[in-house]
Amino acid sequence: MRWENLSPDSEHSRADAALFGAEAVTTRTFDTPEFRGITFHEIRARSVVNRVPGASRMPFEWTVNPYRGCTHACVYCFARKTHSYLDLDTGLGFDSQIVVKVNAPELLRHRLASRSWRGEHIAMGTNVDCYQRAEGRYRLMPGIIEALRDHANPFSILTKGTLILRDLPLLRQAADVTDVGVSVSVGFTDEELWRTVEPGTPAPERRLDVVRAFTDAGIGCGVLMAPVIPFLGDRPEQLRATVRAVAASGATSVTPLVLHLRPGAREWFMSWLARHHPHLVARYERLYAEGAYAPRWYQRRITRQVHDLAREYGIGPARAGAPRRVPAPAPEETEAGLPTQLTLL
């Protein structure tokens, strides 16, 4: 682990010098089963609200990421490359060396209160999961949600973590005063595939239990069906089983996203593929020969199949920017009994 790249003379200084200073790092390990083998680097960040690059395909402009690295250990995670900016390993290091921005809630509250802030939508969980295992110990998200609630600032959360259920009361409060979008990522329900490509995540069925809980609480929750993994999770019967389970959970929408392999993630995924499915390596090299994304014809085929199944089971794709009004809670559950309006990505 080296922090030299935070110095003004380093090649990454422009990207990372504003994040924190090397003197602000505290490294910890915890001798408990859930954190064994994981190292936490606690930092006092200098900023936490990040602008998305203009060239990004993301449908939002601002993000908050309280963590770097992720114990979900998804072999395909596109965020692996970000660990290289801090001279951290993008393979096992990404899964086990977790950077924690311990002052994220106070930084966010300060930014939301500044005169320059215009109340734009903030997306969370778009880089690494803000409800990964570390959140159970550091509890950064309650303070983040409280700050957004207190400033009535619109936001959305995407997660594979069931820990979000801990904050459901806070999310209800926020949804009473601003637009809140909640989505759960479930790319497949195949248990064998889950165990090998997402070893640190809750099982897909447990994630769909999160959707049920939000639905029961009167908060609409969409499912990002991501990633659909070519040749491993894209058989018609696999797609059908996943969409059927998503529909049964009460999800308001299902949106498919085919696996993309950016630099950093590509090397780690292809190494995993060579060990577990060597017969597929050549097929992947052909499919992703043009870059990080699968060909448009393949993406369109998957999207068409999922949308057809969604219509069959009575759900549809998410519509960006389309707010969904959910039933108002019973009068005794809120002070004003006002309806809750949510925006799903």
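Residues numbered from 1 in each chain as written. Predicted model: local features only at pLDDT ≥ 70, side-chain atom pairs only at ≥ 80, totals over all residues. Heavy atoms only, no water.

Re the pattern of salt bridges
Pairs can form between side chains of opposite charge whenever their charged atoms are close.
Part 1 of the reasoning: Applying the stated rule across the entire model yields 18 salt bridges.
Part 2 of the reasoning: Asp150 is paired through a salt bridge with Arg149; the nearest N and O atoms lie 2.9 Å apart.
Part 3 of the reasoning: One salt bridge in this structure joins Asp209 and Arg212, with 2.7 Å as the shortest N-O distance. In this pair, Asp209 and Arg212 are both assigned in helix α9 (residues 204-216), three residues apart and thus about one turn of the helix distant.
Part 4 of the reasoning: Each member of the salt-bridge network shares a partner with another, and the members are Glu205, Arg206, Asp209 and Arg212. (Salt bridge = Lys/Arg side-chain N within 4 Å of Asp/Glu carboxyl O. Helix = DSSP H or I, 4+ residues; strand = E, 2+ residues; numbered from the N terminus.)

Notes on helix α11 (residues 265-276)
Part 1 of the reasoning: Taking 1.5 Å of rise per residue, 12 residues should cover 16 Å, and α11 covers 16 Å from first to last C-alpha, within 8% of that figure.
Part 2 of the reasoning: Within α11, the full set of buried residues consists of Ala265, Phe269, Met270, Trp272 and Leu273. Burial along α11 is one-sided: seen end-on, the buried residues are contained in an arc of 160°.
Part 3 of the reasoning: Buried residues along α11 sit in contact with α8 (191-197) and α12 (281-287). (Expected span 1.5 Å × (residues − 1). Buried < 20%, exposed > 50% of the residue type's maximum accessible area, 1.4 Å probe, protein only. Arc of directions from axis to C-beta. Contact = heavy atoms within 4.5 Å.)

A word on the sheet that holds strand β5 (residues 67-68)
Part 1 of the reasoning: Pairing within the open sheet is mixed, and its four strands lie in the order β1-β2-β6-β5. This sheet does not close on itself; its edge strands, each paired only once, are β1 (26-29) and β5.
Part 2 of the reasoning: One ladder, built from five bridges, connects strand β2 (residues 39-43) with strand β6 (residues 97-101); its direction is parallel. By the bridge assignment, Thr39 is partnered in β6 with Gln97. (Pairing = 2+ DSSP bridges.)

So, the environment of Arg212
Part 1 of the reasoning: For Arg212, a relative accessible area of 25% gives the class partly exposed.
Part 2 of the reasoning: Taking the C-alpha atoms as reference, Arg212 lies 5.2 Å from Ser249; in sequence the two are 37 residues apart.
Part 3 of the reasoning: Setting aside residues up to four positions removed in sequence, Arg212 forms contacts with Glu205, Ala248 and Ser249.
Part 4 of the reasoning: Of the polar contacts made by the side chain of Arg212, one reaches the side chain of Asp209; its length is 2.7 Å. (Polar contact = N/O pair within 3.5 Å; in protein donor to acceptor, adjacent residues only side chain to side chain.)

A look at the confidence of the model for the protein
Part 1 of the reasoning: Per-chain confidence: the protein averages 86 in pLDDT, with 83% of residues scoring 70 or above.
Part 2 of the reasoning: Below a pLDDT of 50 lies the segment residues 1-18, which in the model reaches 33 contacts outside its immediate sequence neighbourhood of four places, other chains included.
Part 3 of the reasoning: Every residue in residues 319-345 scores below 50 in pLDDT, and together they form 61 contacts with partners more than four places removed in sequence or on other chains. (pLDDT = per-residue confidence, 0-100.)

A short note on α9
Part 1 of the reasoning: For α9, which comprises 13 residues, the first-to-last C-alpha distance of 19 Å matches the rise-based estimate of 18 Å (1.5 Å per residue) to within 8%.
Part 2 of the reasoning: For α9, the full list of buried residues reads Pro204, Arg207, Leu208, Val210, Val211 and Phe214. Buried residues of α9, seen end-on, are gathered within an arc of 140° and therefore sit on one face of the element.
Part 3 of the reasoning: Looking at the buried residues of α9, the elements they touch are α7 (168-175), β9 (180-185), α8, β10 (222-228) and α10 (236-248).
Part 4 of the reasoning: After α9 finishes, the residue Gly218 shows a positive phi value of roughly 85°.

Remarks on the sheet that holds strand β3 (residues 49-51)
Part 1 of the reasoning: Taken in spatial order, the seven strands line up as β3-β4-β7-β8-β9-β10-β11 in an open sheet, and their pairing is mixed. Taken across any chain shown, the strands that pair with only one partner, and hence form the sheet edges, are β3 and β11 (254-258). Taken over all neighbouring pairs, the strand axes of this sheet differ in orientation by 25° on average, direction set aside.
Part 2 of the reasoning: In this sheet, β11 lies alongside β10 in parallel orientation, the contact comprising four bridges. (Axes fitted to C-alpha atoms, helices over the stretch in contact; angles between N-to-C directions.)

Looking at the packing of α10 against helix α13 (residues 296-313)
Part 1 of the reasoning: Two numbers describe how α10 lies on α13: the axes approach to 9 Å, and their chain directions differ by 45°. Taken as axis vectors, α10 and α13 run oblique relative to one another. Remark: the crossing between α10 and α13 carries right-handed chirality. Between α10 and α13, the contacting residues are Pro236, Leu239, Arg240, Val243, Arg244 and Ala247 on the first element and Ile302, Gln305, Val306, Leu309, Ala310, Glu312 and Tyr313 on the second.
Part 2 of the reasoning: For the contact of α10 with α13, the residue count by class is nine nonpolar, one polar and three charged. (Parallel < 35°, antiparallel > 145°, perpendicular 65-115°, else oblique. Left-handed = near helix turned anticlockwise from the far one by under 90°. Nonpolar A, V, L, I, M, F, W, Y, C, P; charged D, E, K, R; others polar.)

As for the pairing of β10
Part 1 of the reasoning: Among the seven residues in β10, six count as buried, and that is most of the element.
Part 2 of the reasoning: Relative to β10, β9 is paired through three bridges, and the arrangement is parallel. Residue pairing for β10: Val184 is matched across the bridge by Val223.

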